[in-house]
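# Summary of structural features
Here is what each chain is made of, one letter per residue.
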Amino acid sequence: MNKIMDKYMQEFKSYLNQLSDHEFSEVVDFYMEYLQDGGFETYEACVAELGTPKQLARKVLADYSIRLLDAPEKEKATMRSRVQQSTTQVHTIWLIVLAILSTPLTIPLGIAVLATLFAVFVAGAAIVFSIVVTIIALLFAAVVVLGIGIAIIGQSLSTGLFYIGGAIASLGLFLICVPVINWFIRGVIHVTLSFSQWLYSKLNRKNRAEERRDQK
């Protein structure tokens, strides 16, 4: 491997720290062999064929992360809990966004992509924020009403019990809402991930090296 190709590969490898040792070796060996077989002698030739090292690495990380999420259910169950899976999904969304932004786009298309991703993010964040605020307000109101009920129960038993009952009902509603909001957040993450994957599949143009990898 000549010095020019080595420079390209060293930069490429520096962006792959999120891969496992096996995945790292697999990716590096493949692209090193590809560049050697293709006879790419200059750094510019490597970039023209594969993109910059950062662009190529972002696409590789996004592809591996998507492949991991698409693994069979039994395999995923052994690898991560639901919380870990949600975290992985958020991480995958971020990697897909970086990969999309690294893809050469025309200016109008680039603006449209950024606007769409921003709109999806803002809409999801706004919905989640409003629901979380509502649940917190419900919990706060339940605590206040419970305090009022306890304070006046000595003066009026029926009124005090009414307030305490209302507080208990509010706390029960809060406990019901907690798993609902958890389910909703995971749903928002899943929808955002699906949209990101769809957008990535439409915008990602595979080079010859990626087509060769897919055939293996």
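Right, let's walk through the structure included here. (Residues numbered from 1 in each chain as written. Predicted model: local features only at pLDDT ≥ 70, side-chain atom pairs only at ≥ 80, totals over all residues. Heavy atoms only, no water.)

With that out of the way, let us pick up the overall build of the protein chain. Along the backbone of the protein chain there are nine helices and zero strands. Reading the protein chain from its N terminus to its C terminus gives the helix and strand order α-α-α-α-α-α-α-α-α. In the protein chain, which comprises 216 residues, the share counted as buried stands at 33%. Considering only contacts within the protein chain whose residues lie at least 6 apart along the sequence, 73% involve residues at least 24 apart. Here the protein chain has roughly 13200 Å² of accessible surface; of this, 66% comes from carbon and sulfur atoms. (Helix = DSSP H or I, 4+ residues; strand = E, 2+ residues; numbered from the N terminus. Buried < 20%, exposed > 50% of the residue type's maximum accessible area, 1.4 Å probe, protein only. Contact = heavy atoms within 4.5 Å. Areas by Shrake-Rupley, 256 points an atom, 1.4 Å probe, with all protein chains shown as cover.)

Membership of the largest hydrophobic core comes to 37 residues, with the highest contact counts inside it found for F12, L16, Y31, L35 and V60. Taken together, the elements giving at least two residues each to this core come down to α1 (3–14), α2 (21–38), α3 (43–50), α4 (53–69), α6 (82–102) and α8 (157–203). It is α4 that provides the largest number of residues to this core, a total of eight residues. (Core = buried A, V, L, I, M, F, W, Y, C linked by side-chain atoms within 4.5 Å.)

With that out of the way, let us pick up the packing of α2 against α4. Axis separation between α2 and α4 bottoms out at 12 Å; the angle between their running directions is 135°. In terms of orientation, α2 lies oblique with respect to α4. Judged by the sense of rotation from one axis to the other, the crossing of α2 with α4 is right-handed. From α2, E23, E26, V27 and Y31 reach across to α4, where they touch L56, V60 and Y64. (Axes fitted to C-alpha atoms, helices over the stretch in contact; angles between N-to-C directions. Parallel < 35°, antiparallel > 145°, perpendicular 65-115°, else oblique. Left-handed = near helix turned anticlockwise from the far one by under 90°.)

Together, E26, D29, E33 and D37 make up a region of like negative charge exposed at the surface. Here D37 lies in helix α2. Accessibility expressed as a relative area gives 53% for D37, which makes it exposed. (Patch = residues over 30% accessible without salt bridge, like charges linked within 9 Å, V, L, I, M, F, W, Y side chains within 5 Å. Salt bridge = Lys/Arg side-chain N within 4 Å of Asp/Glu carboxyl O. Lys, Arg positive; Asp, Glu negative; His and termini not counted. Charge placed at Lys NZ, Arg CZ, Asp CG, Glu CD.)

What follows covers α4. Its 17 residues place the ends of α4 24 Å apart at the C-alpha level, agreeing with the 24 Å of an ideal helix rising 1.5 Å per residue. Those residues of α4 lying buried are P53, L56, A57, K59, V60, L61, A62, Y64, S65, I66 and L69. (Expected span 1.5 Å × (residues − 1).)

Attention now moves to the packing of aromatic side chains. Counted according to the given criterion, the structure contains seven aromatic pairs. Ring plane angle 65° and centroid distance 5.7 Å describe the contact between Y8 and Y43, whose orientation is recorded as edge-to-face. One end of the pair, Y8, is in helix α1; the other, Y43, is in helix α3, with 35 residues separating them in the sequence. Neither residue differs from the other here; Y8 and Y43 are each classed as buried. Through successive ring pairs, a cluster of aromatic residues spans F12, F30, Y31, Y34 and F40. Of note, K7 hangs over the ring of Y43, and the distance from its end group to the ring centre comes to 5.0 Å. (Phe/Tyr/Trp six-rings, centres within 6.5 Å; stacked < 30°, edge-to-face > 60°. Lys NZ or Arg CZ within 6 Å of the ring centre and 35° of its normal.)

A cluster of nonpolar residues, F140, V144, I148, F162 and Y163, forms a patch on the protein surface that exposes about 510 Å² of accessible area. The biggest single contributor to the nonpolar patch is helix α7 (residues 107–152), with three residues. Take V144: it is sitting in helix α7.

Contact geometry of α2 with α3 gives a least axis separation of 12 Å together with a crossing angle of 115°. As for how α2 packs across α3, the hand of that crossing is right-handed. Only C46, E49 and L50 of α3 make contact with α2, whose side of the interface consists of Y31, Y34 and L35. The residue makeup of the contact of α2 with α3, split by class, is five nonpolar, no polar and one charged. (Nonpolar A, V, L, I, M, F, W, Y, C, P; charged D, E, K, R; others polar.)

In this section: the side chain of S65. With respect to the helices and strands, the residue S65 is situated in helix α4. Overall, the relative accessible area of 9% leaves S65 in the buried class. With residues up to four places along the chain from it excluded, the contact list for S65 reads T92 and L95.

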